[in-house]
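# Descriptive structure summary
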Amino acid sequence: MSRKLTVVFLATLVLVGAMSLKTVVVTHGDGSIVMANSGGPVPPSPWKNSGGPVPPSPWKNSGGPVPPSPWK
Amino acid sequence: MPGLVIHILDLLTALLQASIVVVSLARGYTRRYLTINLYLAASTIVLFLRYYILSQHGLSSGEYFYFYYYSDALLTIGLYFALMGLYATVFDEMKAAQYLRVFTILLLIGTAAFSCAVVQQSGPRLFTRYVVEISQNLYFVGLVLTYILWGAVLKLRETRTRVIQLVLSLGVYFSAFAGNYALRNLYPQLHFVWEFVPPVLGCLLPLSWAYAFWRIPEDARIAPSRLAVVPR
């Protein structure tokens, strides 16, 4: 197998592993968005339909008051 | 009061990120750690812009909402390239730069395509859903890639202390977010605790990286035997 095919195979393998991990985590999660970036007050998950106080996304590096979801 | 603490942590994060960029510029590390510096610079600018837009339009405004999620997607891509920059540093001696570039682009395209497939059946605001989905998927790709990189560091007997510090910090950062998510689902009643964890973690990554750039010399080495427990 050529090196280029090996690279393609490895990229596919990582993608499959990552998406499988995501599926496992999100399936057992509360529907929050999974992200990992810098600060600022966190808007809620745009696909949540809750009307009450919204917890901050656990993957964000910041907090603050949370705006209402525009998807309601 | 909790909001104030979080704002202070955000400010501290921005200062630490900016200081890393300044120190890198002053000491000539910018080119060697270009992707990390670009990510940190972008992250600092985005943080200030978020607060600016927040002050102008308010938390419930569409402007802030869209800017937050769209900038987050761009930053996640930046973090992905920062991670691949670390890969390039670790695999530097193997002369695998060309293959690494192909791998990086393929994986990014694959993630983008997968995200597109996931949101394809969504209703309105398809592009915004796509932006959020790709951020989320890249987070998991980054998580997996960080652990693979850590395995490579051990396997290749990487001894550069700064590189090890950068990789380990990123691994702890990704893992701690996942841990926080799990604990939050297990103990939702402790939401007042989980509220503070993300901003603290967000501050710890630049703090750890700042330590790596401020205090650890470029030629510092650490014995691999101190990193791995080799079964006898």
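Residues numbered from 1 in each chain as written. Chains lettered and ligands numbered in written order. Predicted model: local features only at pLDDT ≥ 70, side-chain atom pairs only at ≥ 80, totals over all residues.

On to the overall build of chain B, then. Secondary structure summary: chain B contains eight helices and zero strands in total. Here the C-alpha atoms of chain B give a radius of gyration of 19 Å, agreeing with the 17 Å that 2.2 N^0.38 yields for 232 residues. Along the first, second and third principal axes, the C-alpha atoms of chain B reach 55 × 40 × 40 Å. A total of 232 residues make up chain B; the buried ones form 40% of that total. Of the contacts made within chain B by residues no fewer than 6 positions apart, 72% connect residues no fewer than 24 positions apart. (Helix = DSSP H or I, 4+ residues; strand = E, 2+ residues; numbered from the N terminus. Rg over C-alpha atoms; globule rule 2.2 N^0.38 Å. Buried ≥ 20, exposed ≤ 12 C-beta atoms within 10 Å, placed from the backbone. Contact = placed C-beta atoms within 7 Å.)

The end-to-end C-alpha separation of helix 8 (residues 197-214) of chain B is 25 Å, in line with the 26 Å expected for 18 residues at 1.5 Å each. Taken residue by residue, helix 8 of chain B has V197, P198, P199, L201, G202, C203, L205, P206, W209, A212 and F213 of chain B as its buried positions. (Expected span 1.5 Å × (residues − 1).)

All names here are of chain B. For chain B, mean pLDDT is 86; residues scoring 70 or higher make up 93% of the total. Of all secondary-structure elements in chain B, the lowest mean pLDDT belongs to helix 7 (residues 191-194), at 78, while helix 2 (residues 34-57) reaches the highest, 92. Predicted complex, confidence summary: ipTM 0.78, pTM 0.83. (pLDDT = per-residue confidence, 0-100.)

What follows is about the nonpolar core. Within the largest apolar cluster, 61 residues are counted, with the highest numbers of intra-cluster contacts made by V14 of chain A together with L83, L86, V141 and V167 of chain B. Of all the secondary-structure elements, those providing two or more residues to this core are helix 1 (3-27) of chain A together with helix 1 (2-27), helix 2, helix 3 (62-90), helix 4 (97-119), helix 5 (126-155), helix 6 (161-186) and helix 8 of chain B. With 14 residues, helix 3 of chain B is the largest single contributor of residues to this core. When neighbours within four sequence positions are excluded, V167 of chain B is seen to be in contact with L86, L149, W150 and V153 of chain B. (Core = buried A, V, L, I, M, F, W, Y, C linked by C-beta atoms within 7 Å.)

A few words on the environment of L25 of chain B. All names here are of chain B. Relative to the assigned elements, L25 resides in helix 1. For L25, a count of 12 C-beta atoms within 10 Å gives the class exposed. Between the alpha carbons of L25 and L207 there is a distance of 17 Å; along the sequence they are 182 residues apart.

Right, let's get into the packing of helix 5 of chain B against helix 6 of chain B. Residues and elements named next belong to chain B. The geometry of helix 5 relative to helix 6 is characterised by a closest axis approach of 9 Å and an angle of 145° between their N-to-C directions. At the point where helix 5 passes helix 6, the crossing takes the left-handed sense. Facing helix 5, whose interface residues are G142, L143, T146, Y147, L149, W150 and V153, helix 6 presents I164, V167, L170, G171, F174 and A178. The residue inventory of the contact of helix 5 with helix 6, partitioned by class, reads ten nonpolar, three polar and no charged. (Axes fitted to C-alpha atoms, helices over the stretch in contact; angles between N-to-C directions. Left-handed = near helix turned anticlockwise from the far one by under 90°. Nonpolar A, V, L, I, M, F, W, Y, C, P; charged D, E, K, R; others polar.)

As a further point, take the environment of T89 of chain B. With respect to the secondary-structure elements, T89 of chain B resides in helix 3. Placed 57 residues apart in sequence, T89 of chain B and R32 of chain B show a C-alpha to C-alpha distance of 8.3 Å.

Further remarks concern helix 5 of chain B. In this model helix 5 of chain B runs 43 Å from its N-terminal to its C-terminal C-alpha over 30 residues, within 8% of the 44 Å that 1.5 Å per residue would give. Where helix 5 of chain B terminates, the next one or two residues include R157 of chain B, which has phi positive at roughly 55°.

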